Amino acid sequence: MKKLSKGIWCCFAWLCTAVTLAEPSPTAQLLLDIQQLSSEQMQGRETGTAGAAKARTYLKERFRQLELTPWQGSYQSHFVYYKGRRQQSGINLIGWLPGCDEASGSIVITAHYDHLGMRGNRVYYGANDNASGVAVLLAIAGKLQLQAKPCLSHHYFFVATDAEENGLHGSRAFVENPPVPLEQMLLNINLDMLARAEPQQQLFITGARRYPELRRHLQQQPGELRLTFLTHRGPQRRGSLLQEFDWPNSSDHAHFHRAGIPYLFFGGMPFADYHTAQDHWQSIKPEMLEQVFTVIWQTILWVEASSALQLRPTD
Ligand SMILES: [Zn+2]
């Protein structure tokens, strides 16, 4: 067995703790979900494969544990899309957390669970892309359940999307066939590639230009994480990757954005193992994951304290 580096040992230690403790700590549970979703048996979770079906079985069990309500009696929402002329099918997973009776709108939290699958006999594990985003989505659901005293200000949809890697098809299907009218969707919070960044310790946040109070709130939070707020075309630095990259259309938030629904996109920081077989759970930094989760949780608290009109001013 290859000698495990220090980093891998500490990751492993976290997991051992997770396995032994009755109630794993939030970070240990995050790592456990990432480790499970990016394990060999999930075979890189390519849409339409046995590996993706195993990932759904795992996620549905987690949704049940978190007592999310299956939308219309099932967590699974089937859809079809076209790859060239060939019709393909995908399955989104949708869990619902109702707010107070008087809540007028819904927050939609998205993270894609699909990845690239296998290339020959090599598994593209997709730990950071995007088991990390799905793990944070589950952690938010768990913490919000505890937060609901007496009830939540808004309704929440938790959507693990499929077929993101080959064209954002799952989020398109959700927006084209929404569970509630699009006018009632106050905000989409999209999570994609959260646990690794080069250079390290930074988190990209796109779509926050419309929420200056949120920016202030997050910038006041303690922690070493450097928050990089990206505007529509990235920070105005000539010729930088950040400038050229089309952030509003870079992941599942794109279809909400095109439908006029405000969005916040967390993630997308470049990392060397992007879309390679090296994107495995052993390279996830627990400390970074913990800090990123704290920032996203602070955002959820800010959303809970904001009215529907503050989140989605009427045009
Ligand atoms: Zn991704």
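Owing to the predicted nature of the structure, the values given are computational and were not obtained by experimental measurement. Positions within a chain are numbered from 1, following the residues in the order the chain's sequence is written. Totals for whole chains, interfaces and linings use every residue, but because this is a predicted model, local features are given only for residues with pLDDT of at least 70 and side-chain atom pairs only at 80 or more, for both listing and counting. Heavy atoms from the whole structure form the basis of all side-chain values; hydrogens and water molecules are not counted.

**Student:** Give me the lowdown on the packing of helix α3 (residues 50–65) against helix α4 (residues 127–147), citing residues and values where you can.
**Tutor:** Where α3 contacts α4, the two axes come as close as 10 Å, and the packing angle between them is 20°. The angle between the axes of α3 and α4 places the two elements in the roughly parallel class. Regarding α3 and α4, the two cross each other, and that crossing is right-handed. On α4, the residues touching L59, R62 and F63 of α3 are V134, L137 and L138. We call Asp, Glu, Lys and Arg charged. Ala, Val, Leu, Ile, Met, Phe, Trp, Tyr, Cys and Pro are nonpolar, and the rest, Gly among them, are polar. A per-class count over the contact of α3 with α4 returns five nonpolar, no polar and one charged. Lines fitted to the C-alpha atoms define the axes, with helices restricted to the stretch that makes contact. Angles between their N-to-C directions range from 0 to 180 degrees. Each helix corresponds to a stretch of at least 4 residues labelled H or I by DSSP, and each strand to a stretch of at least 2 residues labelled E; elements are numbered beginning at the N terminus. Each angle gets one of four labels, with under 35 degrees taken as roughly parallel, over 145 as roughly antiparallel, 65 to 115 as roughly perpendicular, and the rest as oblique. For any helix crossing, the convention is left-handed if the near helix is rotated counterclockwise from the far helix by under a right angle, and right-handed if that rotation is clockwise. Throughout, a contact is declared for two residues whenever any of their heavy atoms are within 4.5 Å.

**Student:** I'd like a description of the packing of aromatic side chains, backed by residues and values.
**Tutor:** Here a Phe, Tyr or Trp ring, Trp counted by its six-membered ring, pairs with any other such ring whose centre lies within 6.5 Å, and the pair is stacked when the planes are under 30 degrees apart, edge-to-face when over 60, and tilted otherwise. Within the structure shown, the criterion is met by eleven aromatic pairs. Taken together, a centroid distance of 4.9 Å and an interplanar angle of 70° make the contact between W71 and F157 edge-to-face. Here W71, found in the loop between β1 (69–70) and β2 (76–83), pairs with F157, found in strand β7 (residues 155–161); they are 86 residues apart in sequence, far enough to count as distant. Per-residue accessibility, obtained with a 1.4 Å probe over protein chains only, is compared with the maximum for each type, and a residue is labelled buried under 20%, exposed over 50%, and partly exposed between these values. By relative accessible area, which is 0% here, F157 ends up buried. The interplanar angle of 35° and the centroid separation of 6.4 Å between the aromatic rings of W96 and F157 together place this pair among those described as tilted. Residue W96 is located in strand β3 (residues 86–97), and its partner F157 is located in strand β7; the two are separated by 61 residues in the primary sequence. Through successive ring pairs, a cluster of aromatic residues spans W71, W96, F157, F174 and F256. Over the ring of Y124 we find R119, and its NZ or CZ is 5.4 Å from the ring centre. In this analysis the charged atom, NZ for Lys or CZ for Arg, is taken to sit over a ring once it is within 6 Å of the ring centre and within 35 degrees of the ring normal. It is R215 that lies over the ring of F229; its NZ or CZ is 4.6 Å from the centre.

**Student:** Help me get a handle on the packing of helix α2 (residues 26–37) against α4, residues and values and all.
**Tutor:** In the contact formed by α2 and α4, the axes pass within 8 Å of each other and the chain directions differ by 135°. By the criterion of interaxial angle, the relationship of α2 to α4 is oblique. The hand of the α2/α4 crossing is right-handed. Every residue of α4 that contacts α2 at L30, D33, I34 and L37 is listed here: A127, A131, S132, V134, A135, V136, L138 and A139. Each residue belonging to the contact of α2 with α4 can be placed in one class, and the counts come to ten nonpolar, one polar and one charged.

**Student:** Requested: an account of the state of the cysteines, with residues and values cited.
**Tutor:** Defined simply, a disulfide is a covalent bond joining two cysteines at their sulfur atoms. Cysteine sulfur pairs qualify as disulfides if the two atoms are within 2.5 Å. Within the structure shown, the criterion is met by one disulfide. Two residues, C100 and C151, share a disulfide whose sulfurs are 2.0 Å apart. Torsion about the S-S bond of the C100 and C151 cystine: about 95°, corresponding to right-handed handedness. You can see C100 sitting in the loop between β3 and β4 (106–112) and its partner C151 sitting in the loop between α4 and β7, a full 51 residues away along the chain. Taking relative accessible area as the criterion, C151 reaches 31% and is therefore assigned partly exposed.

**Student:** Tell me about the coordination of the zinc ion, and please be specific about residues and values.
**Tutor:** For Na, K and Ca the donor cut-off is 3.2 Å; for every other metal, N, O and S atoms count as donors within 2.8 Å. Water does not enter the count, which can leave sites looking incomplete. Those protein atoms acting as donors to the zinc ion are H112 (NE2), D129 (OD), D192 (OD) and D192 (OD), and they sit at 2.0 to 2.8 Å. Its four donor atoms give the zinc ion angles of 49 to 145° at the centre, a pattern that matches the irregular case. The sequence motif formed by the donor residues of the zinc ion is H-x16-D-x62-D. Of the two residues, H112 sits in strand β4 while D129 sits in helix α4, which places them 17 residues apart along the sequence. D129 sits in the buried class, given a relative accessible area of 2%. Sites are called tetrahedral only when four donors show all angles between 85 and 135 degrees, square planar or octahedral only when four or six donors show opposite pairs over 155 degrees and all other angles between 65 and 115, and irregular in any remaining case.

These results come straight from atomic positions and should not be treated as a statement about function.
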